[in-house]
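Chains, contacts and geometry: an overview
The residues making up each chain are set out below.
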Amino acid sequence: MTRRSGARRPVTRRSERGSGSVLVVALLGALVTLTAVLVPVLALLPTHQSVQGAADAAALAAADVASGLMPGVPCETAARAAELNGARLAACTVDGLIATVAVARTVGVFPLSSRARAGPAP
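One structure accompanies this document, and this report is about it. The structure displayed is predicted, hence computed values, not measured ones.

1. Examining helix α1 (residues 19-66)
When the terminal C-alpha atoms of α1 are compared, their 71 Å separation across 48 residues agrees well with the 70 Å that a helix rising 1.5 Å per residue should span. At proline 46, α1 shows its strongest bend, of approximately 25°. What α1 keeps buried is the set Leu44, Thr47, Val51, Ala54, Ala55, Ala58, Ala59, Ala61, Ala62, Ala63 and Val65. The secondary structure elements touched by the buried residues of α1 are α2 (74-84), β2 (98-107) and β3 (110-118). Glycine 68, located one to two residues past α1, shows a positive phi value of around 90°.

2. A word on the side chain of serine 114
As for its placement among the helices and strands, serine 114 is situated in strand β3. Of the polar contacts made by the side chain of serine 114, one reaches the side chain of glutamine 52; its length is 2.3 Å. Apart from the residues lying within four places of it in its own chain, the contact partners of serine 114 are Val51, Gln52, Ala55, Val101, Ala102 and Val103.

3. What to know about the state of the cysteines
Scanning the entire structure with this criterion turns up one disulfide. The partner cysteine of cysteine 75 in its disulfide is cysteine 92, sulfur to sulfur 2.1 Å. Because the sign of the S-S torsion sets the handedness, a value of about -85° for the bond joining cysteine 75 and cysteine 92 places this disulfide among the left-handed ones. Of this pair, cysteine 75 sits in helix α2 while cysteine 92 is found in strand β1 (residues 88-95), placing the two residues 17 residues apart along the sequence.

4. A short note on a nonpolar patch on the surface
Together, Leu34, Val37, Leu38, Leu42 and Leu45 give the surface a local cluster of nonpolar side chains, amounting to about 470 Å² of exposed area. Locating leucine 42 in the fold gives a position in helix α1.

5. Some remarks on the pattern of salt bridges
Tallied over the full model, the rule gives one salt bridge. Of the charged contacts in the structure, one is a salt bridge between glutamate 83 and arginine 80, with a shortest N-O distance of 3.9 Å. With glutamate 83 and arginine 80 both in helix α2 and three residues apart, this pair spans about one turn of that helix.

Reading the values: the criteria
- Residues numbered from 1 in each chain as written.
- Predicted model: local features only at pLDDT ≥ 70, side-chain atom pairs only at ≥ 80, totals over all residues.
- Heavy atoms only, no water.
- Helix = DSSP H or I, 4+ residues; strand = E, 2+ residues; numbered from the N terminus.
- Expected span 1.5 Å × (residues − 1).
- Bend = angle between axes of the 7 residues up to and from the residue.
- Buried < 20%, exposed > 50% of the residue type's maximum accessible area, 1.4 Å probe, protein only.
- Contact = heavy atoms within 4.5 Å.
- Polar contact = N/O pair within 3.5 Å; in protein donor to acceptor, adjacent residues only side chain to side chain.
- Disulfide = S-S within 2.5 Å.
- Patch = residues over 30% accessible without salt bridge, like charges linked within 9 Å, V, L, I, M, F, W, Y side chains within 5 Å.
- Areas by Shrake-Rupley, 256 points an atom, 1.4 Å probe, with all protein chains shown as cover.
- Salt bridge = Lys/Arg side-chain N within 4 Å of Asp/Glu carboxyl O.

Written out as structure tokens, the structure reads:
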């Protein structure tokens, strides 16, 4: 076989050899970093729901005491209900039969809080 003088072989650049591997390693690194950041943040969503549930339970407990349905002091009962649900009572006010509470919980370095209000229907 003879080679034609005008035909050229494709030029392969040695500087581009292995660049696909570097790209795959970079993409995997970015994916691992993104996962490491998002997993803890997304784990806070159900925890925030439990804090909201604690606020609701505390407000209902305080409203029950304020209405005379249960014996005790409204804000003390709200604090106990919040503790039983894994939160602490941050604020409590009772205006007649309406109780308004705020509860808080810290998860790692993230503070979570929620407010709730309970009382008779208007």
